[in-house]
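# Results of the structural survey
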Amino acid sequence: MTELIKFTKMHGAGNDYIYVNSMDFPIENPEELSIKWSAPHTGIGSDGLVLIGASEIADFSMRIFNADGSEALMCGNASRCIGKYVYEKGLTDKKTVTLETLSGIKELQLTTQKTADGSHEEVTEVTVDMGAPAIGETALEIEAGGKFYTGTVVSMGNPHLVIFVDDITQIDLPAVGPLLENHPLFPNRTNVEFVQILSPDEVRMRVWERGSGITQACGTGACATAVACMVHGRTERTTKVVMDGGPLTIRWDEGSGKVYMTGGAVKVFEGELEI
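Our subject in this report is the structure included herewith. Note that the structure is predicted; figures quoted are calculated from it, not measured.

Counting secondary structure elements, the protein contains four helices and 19 strands. Relative to a compact globule of 275 residues, whose C-alpha radius of gyration would be 19 Å, the protein shows 18 Å and is just as compact. Considering only C-alpha atoms, the protein reaches an extent of 55 × 40 × 35 Å along its principal axes. A sequence separation of at least 24 residues applies to 59% of the contacts in the protein between residues at least 6 apart. A gap of 3 Å separates the mean positions of the 22 positive and 38 negative side-chain charges of the protein.

Pasting the structure below:
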């Protein structure tokens, strides 16, 4: 017997996921379906599957499954898209939304405006309270593919290795990304960011995501990047992080120690699938 599942494909700075309201459409095998649906030619094509659910400790919950079926702890881009989803679907009328994740409860601040015809409000931007970073080794020497790199270890609820380079166009990300992700120094694997400083308030970053490979953007990666830049005195506390899919604005608040990420969220299309 087949079952019809409604989904929405959304992206934040090009980081695209398939979103399913699991309160209406419970899914028993998200790991398997994430692999199947994320495939670019035989599926929908995405960086993974996101389930929006109920929560006893927040307004909603989020579970994220990468394109390889592994479950992620947190995703800033997906969080922003969930803010847009729940507001525009009428699941909440709040403009401050709390979200339960495997990295704790995150707070979403929604910016809205009337549509051109004035019929309803739409979410134009979302700021996510990403919490305080955990900073590890700031000059980790690591070898991969016969080359040596110096990285900064930062956790934004998930692990990141931030590496500064002079020219980001010279990095062979498909070759070095998987080597660093699966390096023996990281038994649980890691996300990898290569960063070129453009100015005191703007950087260029490319990312290799744990479990997904090259993606257009990574919210937690942008946050980890901004934190590493500030730790090394390379940027100010508010930084524009420009990724393949577009920019995010990251602010590391000196008073609270928290990192705030601001950016857009875009609905690509909606559809139905049989399972």
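Alright, that's what it looks like, and here's the rest.
Look at helix α4 (residues 219–231): 18 Å from first C-alpha to last across 13 residues, which is about the 18 Å you get at 1.5 Å a residue. Among the 13 residues of α4, 11 are classified as buried, and the element is accordingly described as predominantly covered. For α4, the full list of buried residues reads Gly 219, Thr 220, Gly 221, Ala 222, Cys 223, Ala 224, Thr 225, Ala 226, Val 227, Ala 228 and Cys 229. One or two steps after α4, the chain reaches Gly 233, where phi turns positive at roughly 70°.

The subject of this paragraph is the state of the cysteines. Tallying each qualifying case throughout the model produces zero disulfides. Distance from the sulfur of Cys 81, which forms no disulfide, to the nearest cysteine sulfur (Cys 75) is 8.1 Å. For Cys 81, a relative accessible area of 0% puts it in the buried group. Cysteine Cys 218 is unpaired, with the sulfur of Cys 75 as its nearest cysteine sulfur at 6.3 Å.

This part takes up the side chain of Gln 196. Among the secondary structure elements, Gln 196 is positioned in strand β13 (residues 191–199). We classify Gln 196 as buried; its relative accessible area is 18%. Only 3.4 Å separates the side chain of Gln 196 from the backbone oxygen of Asp 166, close enough to count as a polar contact. With residues up to four places along the chain from it excluded, the contact list for Gln 196 reads Val 165, Asp 166, Asp 167, Ile 168, Val 203 and Arg 204.

Positionally, Gln 109 belongs in strand β7 (residues 104–114). In this structure, the C-alpha to C-alpha distance between Gln 109 and Arg 80, residues 29 residues apart in sequence, is 9.0 Å. Once residues lying within four places of it in the same chain are set aside, the contact partners of Gln 109 are Lys 95, Thr 96, Glu 125, Val 126 and Thr 127.

Below, the discussion takes up the side chain of Lys 9. Its location among the elements puts Lys 9 in strand β1 (residues 4–12). When its relative accessible area of 11% is taken as the criterion, Lys 9 is described as buried. At 2.7 Å, the side chain of Lys 9 forms a polar contact with the backbone oxygen of Gly 45. Ignoring any residue separated from it by four or fewer positions in sequence, one finds Lys 9 in contact with Asp 16, Tyr 17, Ile 44, Gly 45, Val 266, Lys 267, Val 268 and Phe 269.

Rules and cut-offs
- Residues numbered from 1 in each chain as written.
- Predicted model: local features only at pLDDT ≥ 70, side-chain atom pairs only at ≥ 80, totals over all residues.
- Heavy atoms only, no water.
- Helix = DSSP H or I, 4+ residues; strand = E, 2+ residues; numbered from the N terminus.
- Rg over C-alpha atoms; globule rule 2.2 N^0.38 Å.
- Contact = heavy atoms within 4.5 Å.
- Lys, Arg positive; Asp, Glu negative; His and termini not counted.
- Charge placed at Lys NZ, Arg CZ, Asp CG, Glu CD.
- Expected span 1.5 Å × (residues − 1).
- Buried < 20%, exposed > 50% of the residue type's maximum accessible area, 1.4 Å probe, protein only.
- Disulfide = S-S within 2.5 Å.
- Polar contact = N/O pair within 3.5 Å; in protein donor to acceptor, adjacent residues only side chain to side chain.

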